[in-house]
Amino acid sequence: MVYLKGEDPCEFDVLVVGSGLAGLLAAIKAARFARVCLLTKDALYNTNTWLAQGGIAAALGDDDTPAIHLEDTLQAGAGLCNREAVKVMVEEGPRRIRELLELGVPFDRVAGQLAMTREGAHNRNRVIHAGGDATGQVLHATLQNRLLNNKAITVREYTFVTDLLTCEGEVVGLQTLRGETYRAGTVILATGGLGRVFLCTTNPEVATGDGVAMAFRAGAEVADMEFIQFHPNVFESPKGEMILISEAVRGEGAVLWNSRGERFMDKYHAKAELGPRDIVSRAIVDQMNRQGSRCVYLDMTLRDPLFLKSRFPTIYAMASRYGLDPAKDWLPVVPAAHYAMGGVRTDLHGETNLPGLYACGEVACSGVHGANRLASNSLLECLVFTGRVVERLEKNGRNLPRAVQQKHKKSDEGSKNLSLEFTRGKKLQEELRRLMFTKAGILRHAKDLLTAQRFLKEHAWLADAAPQDRATWELKNLFFLANLIVNSALMRTESRGSHYRLDYPQPADAWRLRRLIWSGKGKKEEDLLAPLSL
Ligand code: SIN
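Residues numbered from 1 in each chain as written. Predicted model: local features only at pLDDT ≥ 70, side-chain atom pairs only at ≥ 80, totals over all residues. Heavy atoms only, no water.

### Describing the pattern of salt bridges
Counted only if it meets this: Here a salt bridge means any side-chain nitrogen of Lys or Arg lying within 4 Å of a carboxyl oxygen belonging to Asp or Glu. A run of H or I in DSSP counts as a helix once it spans at least four residues, and a run of E counts as a strand once it spans at least two, with each numbered from the N terminus. Buried residues are those whose accessible area, probed at 1.4 Å on protein chains only, stays under 20% of the maximum for their type, while exposed residues exceed 50% and partly exposed ones sit between those limits.
Applying the stated criterion across every chain yields a total of 38 salt bridges. Ionic pairing is found between Glu99 and Arg95, a salt bridge with its closest N-O pair at 3.5 Å. Residue Glu99 and its partner Arg95 are located together in helix α4 (residues 83–102), separated by four residues, close to a single helical turn. According to the relative accessible area criterion, Arg95 is partly exposed, its value standing at 37%. Glu252 is the partner of Arg303 in a salt bridge, and the nearest nitrogen-oxygen pair spans 3.8 Å. Of this pair, Arg303 sits in the loop between β16 (296–299) and α9 (305–311) while Glu252 is found in the loop between α7 (248–251) and β15 (255–257), placing the two residues 51 residues apart along the sequence. On the basis of relative accessibility, which here comes to 30%, the residue Arg303 falls in the partly exposed class. By relative accessible area, Glu252 is classed as buried at 17%. The network of salt bridges with common partners includes Lys29, Glu92, Arg95, Arg96, Glu99, Arg388 and Glu391.

Here's what the structure looks like:
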């Protein structure tokens, strides 16, 4: 295709929002044929990718095949994965890893071969990693370097995107908090996760789900919002920070003990500590409830200290900062919100239902994760589907239609300006996050979900407001996402994957193939019905 070469400094061929793996890769790849601008609301590195420890799953080993990886992924997804999307992901995975190697990512090796480990619910060792347990940092630093040295890419850090601009149902650009208008034929959303909806989370402060909220406001479909993954091993610092301890430690032999010093995981799953994340997280909560304890303990002491220090340098250093030695001490851990399986609904090329809008990475819902993501499949999904987005664009990308450039519409036109005083905004955010963690978290029940729903209704005024600062925008987005999560969780009257209802503890046949897909279509949020699609 031939792109327009406009003079306007805010006009590009492709706008990428977000700077995690999906955003960096989308920008680097698209810059081979288009003028690209990447916008991110904070510093480039401040992403979930940077914090990723475990690695990337791919069928690279001699004893592995995409078919085995597919089966493991479908099994974890509890009957709700889009099989076609999973097939694409596992089959393209090895090729996409080779692309990363060509971009210079130094994955760890043993005797010259890529080192591979196992994580929960994998039947093969297939998780590659870098810097031991610093996979995300190494990956991000390598790609960030490529990005910053690429003259075809304009980078805007600390630029909060408030909304997408649409014209006659098509996305034609975006609006920033500073009031700038960026126009482009294509917007790629790569804004990452929404873990900050919950009080206890592994996600950084930036993970407020802005992408899902802005896409929905523009008319995009959003799916699978009830499925939130809770990571089993999270260390809570004395200051209340939640620090991830990679599942790879259990892959390398670490075990879990309850507060009475009993191993318990074999009572919950045949693979014990290597069971799927949802089962391990619920087992931990069950043990904490039974013993009235605040945590369980992760024991890596079976492994040699030299091995632990070289394989898990990040975790080792973190534990040492808190006076713990993983080679001698058990580490206290609790489950915390980690990953959203749902998001902006996309097809096999990352296309949304809105012309001009693509999504990739955690913000997207390609259907590969179903009701529960298999460990280390998230970076793989980023790699594969971001690659497909850019390939699709190269083939079918569109120019910004000249005629519509000036006629775009903002979602908050006519809304009342709102800027919450800092302490009030912070307090409200904490109230929301606590409520979501306790009433719509790992174990759910209609009465708790209804309590959460009442609270959200009392704050419906936020949905109609036009925030004037980043914190208020993030709060508005968090409330919006909480609404979708609670309403979806209430509707799904069964337990499946990461969604567990104490009042409906079994999977129900009636829900086996049903997904909740939300779409605004210009209606107000409380009027929404969720069409069920097979
Ligand atoms: C981990 O290292 O346990 C996190 C990796 C993931 O979420 O897949």
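### Some words on the environment of Glu221
To keep it simple, the criterion reads: The contact criterion used is simple: two residues touch if any of their non-hydrogen atoms lie within 4.5 Å.
One can find Glu221 in the loop between α6 (210–218) and β12 (222–223). When neighbours within four sequence positions are excluded, Glu221 is seen to be in contact with Gly343, Val344, Arg345, Asn353, Ile517, Trp518 and Ser519.

### Examining the site of the ligand
Rule in force here: Being near a molecule or strand, for a residue, means having at least one of its heavy atoms within 4 Å of it. Nitrogen and oxygen atoms within 3.5 Å of one another constitute a polar contact, given that in protein one can donate a hydrogen and the other can accept it, and given that sequence-neighbouring residues count only through two side-chain atoms. In these tables, accessible area is a Shrake-Rupley quantity obtained with a 1.4 Å probe, and a residue counts as shielded only by the protein chains included in the view. Note on residue classes: Ala, Val, Leu, Ile, Met, Phe, Trp, Tyr, Cys and Pro are nonpolar, Asp, Glu, Lys and Arg are charged, and everything else, Gly too, is polar.
Within the structure, the ligand sits among Gln53, Gly54, His231, Ser246, Glu247, Arg277, His338, Arg373, Ala375 and Ser376. In this structure, an oxygen atom belonging to the ligand sits 2.7 Å away from a side-chain N or O atom of His231. A distance of 2.7 Å separates an oxygen atom of the ligand from a polar atom in the backbone of Glu247. Here the ligand, which alone exposes 260 Å², has 95% of that area covered by the protein. Among the residues forming the shell around the ligand, the class breakdown is one nonpolar, six polar and three charged.

### Notes on empty space enclosed by the protein
Put simply, the rule reads: Points on a 1 Å grid over protein atoms alone make up a cavity when a 1.4 Å probe fits among them but cannot get out, and a pocket when they form an open set with protein on both sides within 12 Å along at least five of seven lines; lining residues each have an atom within 4 Å of a point. Grid points are joined across faces, edges and corners, and a volume is the space filled by probe spheres set on the points.
Enumeration over the complete set of coordinates arrives at five cavities of 30 Å³ or more. Its boundaries defined by the atoms lining it, the largest cavity holds a volume of some 70 Å³. In terms of lining, the largest cavity is formed by Ile228, Gln229, Phe230, Arg277, Asp278, Ser281, Arg282, Asn372, Ile442 and Ser498. Broken down by element, the lining of the largest cavity gets its largest block of residues, four residues, from helix α8 (residues 277–291). Looking at the lining of the largest cavity residue by residue, the classes come out as three nonpolar, four polar and three charged.

### What about the confidence of the model for the protein?
Applicable threshold: Per-residue confidence from the prediction method is given by pLDDT, with values spanning 0 to 100.
Mean pLDDT over the protein works out to 92, with 93% of the residues at or above the 70 mark. Considering only residues more than four positions removed or in separate chains, one finds that residues 1–6, a stretch of pLDDT under 50, has 24 contacts. Every residue in residues 522–526 scores below 50 in pLDDT, and together they form four contacts with partners more than four places removed in sequence or on other chains.

### Section: the sheet that holds strand β7 (residues 127–128)
Put simply, the rule is: If DSSP finds at least two bridges between two strands, the strands pair.
A sheet is described by the order of its strands in space; here three strands give the open sequence β3-β7-β6, paired in antiparallel fashion. At either end of the open sheet lies a strand with only one pairing partner, and these are β3 (56–57) and β6 (116–117).

### Description of the state of the cysteines
Think of a disulfide as a covalent bridge from one cysteine sulfur atom to another cysteine sulfur atom. Under the convention used in this document: Whenever a pair of cysteine sulfur atoms sits within 2.5 Å, that pair is classed as a disulfide.
Per the counting criterion, the structure on display carries zero disulfides. Among the cysteines around Cys10, which has no disulfide bond, Cys37 carries the closest sulfur, lying 7.8 Å off. Residue classification places Cys10 among the buried residues on the basis of a relative accessible area of 18%. Not part of a disulfide, Cys81 finds its nearest cysteine sulfur in Cys365, a span of 10 Å.

### A word on the environment of Ser246
Here Ser246 is to be found in the loop between β14 (242–244) and α7. In this structure Ser246 comes out as buried when scored by relative accessible area, which is 3%. As a C-alpha pair, Ser246 and Gln468 span 222 residues in sequence and 38 Å in three-dimensional space. If we ignore the near neighbours within four places in the chain, the residues touching Ser246 are Gln53, Gly54, Glu119, His231, Asn233 and Ile315.

### What to know about the sheet that holds strand β17 (residues 331–340)
Formally: Each axis is a line fitted through C-alpha atoms, taken for helices only over the stretch in contact, and angles between the N-to-C directions span 0 to 180 degrees.
If you walk across this open sheet you meet the five strands as β14-β13-β17-β16-β15, and the pairing is antiparallel. Taken across any chain shown, the strands that pair with only one partner, and hence form the sheet edges, are β14 and β15. Within the sheet, the average angular offset between the axes of one strand and its neighbour, ignoring direction, is 55 degrees. Pairing of strand β13 (residues 228–236) with β17, which is carried by five bridges, proceeds in the antiparallel orientation. Counterpart to Ile228 in the pairing with β17 is Ala340.

### Description of the nonpolar core
In plain terms, the rule: Put simply, a nonpolar core is a bunch of buried Ala, Val, Leu, Ile, Met, Phe, Trp, Tyr and Cys residues held in one set by side-chain atoms that sit within 4.5 Å of each other.
In this structure, Leu15, Leu164, Leu174, Val197, Leu357 and Met436 are the most contacted members of the largest nonpolar core, which totals 66 residues. The next biggest cluster of nonpolar side chains, apart from the first, holds 55 residues, and it includes Leu70, Val105, Leu114 and Leu383.

### Looking at unusual backbone geometry
Even without being glycine, Glu168 reaches a positive phi, approximately 50 degrees. Here Glu168 is to be found in the loop between β9 (161–167) and β10 (170–176). Owing to a relative accessible area of 64%, Glu168 belongs among the exposed residues under this scheme. The backbone of Ala272 sits at a positive phi, close to 50 degrees, despite the residue not being glycine. You can call Ala272 buried: its relative accessible area is 12%.

### Details of the side chain of Thr162
Among the structural elements, Thr162 can be located in strand β9. The contacts of Thr162, once residues within four sequence positions are left out, are Gln175, Thr176, Leu177, Met214, Arg217 and Trp473.

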